[in-house]
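A structural walkthrough
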Amino acid sequence: MQTQSLPALQAPPPPGLYGAPPAGPKVLPWREGEPVLPGYHPETRVRKGLVISGAIVFGTVYLFTAIGGGDAVYRGSPGYAALFVPCAGPFITLATTRQDDLETMALVLDGLVQITGAALLVPGLVVPRRVLVRDDVNQPFVLPTPMALGPSSAGLGLVGRF
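On a predicted model such as this, the values are computed, not experimentally measured, just so you know.

1. Looking at helix H1 (residues 48-74)
Relative to the 39 Å expected for 27 residues at 1.5 Å per residue, H1 spans 37 Å between its end C-alpha atoms, a close match to the ideal helical length. By the burial criterion, the buried members of H1 are Val51, Gly54, Phe58, Thr65, Ala66, Gly69 and Ala72. Structurally, H1 contributes buried residues whose contacts are with helix H3 (101-126). Within two residues after H1, glycine 76 carries a phi angle of roughly 105°, on the positive side.

2. Considerations on the sheet that holds strand E2 (residues 40-45)
Taken in spatial order, the three strands line up as E1-E3-E2 in an open sheet, and their pairing is antiparallel. Only two strands of the sheet have a single partner each, and these edge strands are strand E1 (27-29) and E2. On average, adjacent strands in this sheet sit at an angle of 35° to one another, irrespective of strand direction. Sheet analysis places E2 next to strand E3 (residues 129-134), joined by six bridges and oriented antiparallel. The partner of proline 42 across the bridge, within E3, is leucine 132.

3. Remarks on the side chain of aspartate 110
In this structure, aspartate 110 sits in helix H3. The buried charged residue aspartate 110 lacks any salt bridge, with arginine 75 as its nearest oppositely charged partner at 16 Å. In this structure, aspartate 110 is in contact with Val61, Thr65 and Pro90, ignoring residues within four places of it in sequence.

4. Some remarks on the packing of aromatic side chains
As enumerated under the stated definition, the model contains one aromatic pair in all. Residues phenylalanine 58 and tyrosine 62 carry aromatic rings whose centres are separated by 5.6 Å and whose planes lie at 5° to one another, so their mutual orientation is stacked. Taken together, the positions of phenylalanine 58 and tyrosine 62, both in helix H1 and four residues apart, correspond to about one turn of that helix. Classification of phenylalanine 58 by relative accessible area gives buried; the value is 17%. Residue classification places tyrosine 62 among the partly exposed residues on the basis of a relative accessible area of 23%.

Rules used in this analysis
- Residues numbered from 1 in each chain as written.
- Predicted model: local features only at pLDDT ≥ 70, side-chain atom pairs only at ≥ 80, totals over all residues.
- Heavy atoms only, no water.
- Helix = DSSP H or I, 4+ residues; strand = E, 2+ residues; numbered from the N terminus.
- Expected span 1.5 Å × (residues − 1).
- Buried < 20%, exposed > 50% of the residue type's maximum accessible area, 1.4 Å probe, protein only.
- Contact = heavy atoms within 4.5 Å.
- Pairing = 2+ DSSP bridges.
- Axes fitted to C-alpha atoms, helices over the stretch in contact; angles between N-to-C directions.
- Lys, Arg positive; Asp, Glu negative; His and termini not counted.
- Salt bridge = Lys/Arg side-chain N within 4 Å of Asp/Glu carboxyl O.
- Phe/Tyr/Trp six-rings, centres within 6.5 Å; stacked < 30°, edge-to-face > 60°.

Dropping the structure here:
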């Protein structure tokens, strides 16, 4: 049994809008003082890799630490309230409470992992990187286009990039 394909009701794209993309990558690394390539402009961007990895490492560990601290305080151990303090909380808790060796090791590791996550996150936000971005990448456009709304009907839609 053969299946019939419906004829496309979309008009071909106007020349220049959907043709071959311009040559060259969308984003290039760039340093202040280097020449700007034709067709590109400099932009400042956050370091996404550092921000994402730092936020995941710090946020996950801090969330579980705060939950554990809240549980300990709820059960009657007020010395564990310091666990709500980011990065320094586990070390403050070491000084204000009595623990066995395993709990001491867990608190030290917890504090070190929180510091590592913060050490990734903060520079990612504070020290941006400069890049060259192709000029045509961020130019918005909206184009009315005929579109199929069903097997035997036609309509008008908008196609664009923002």
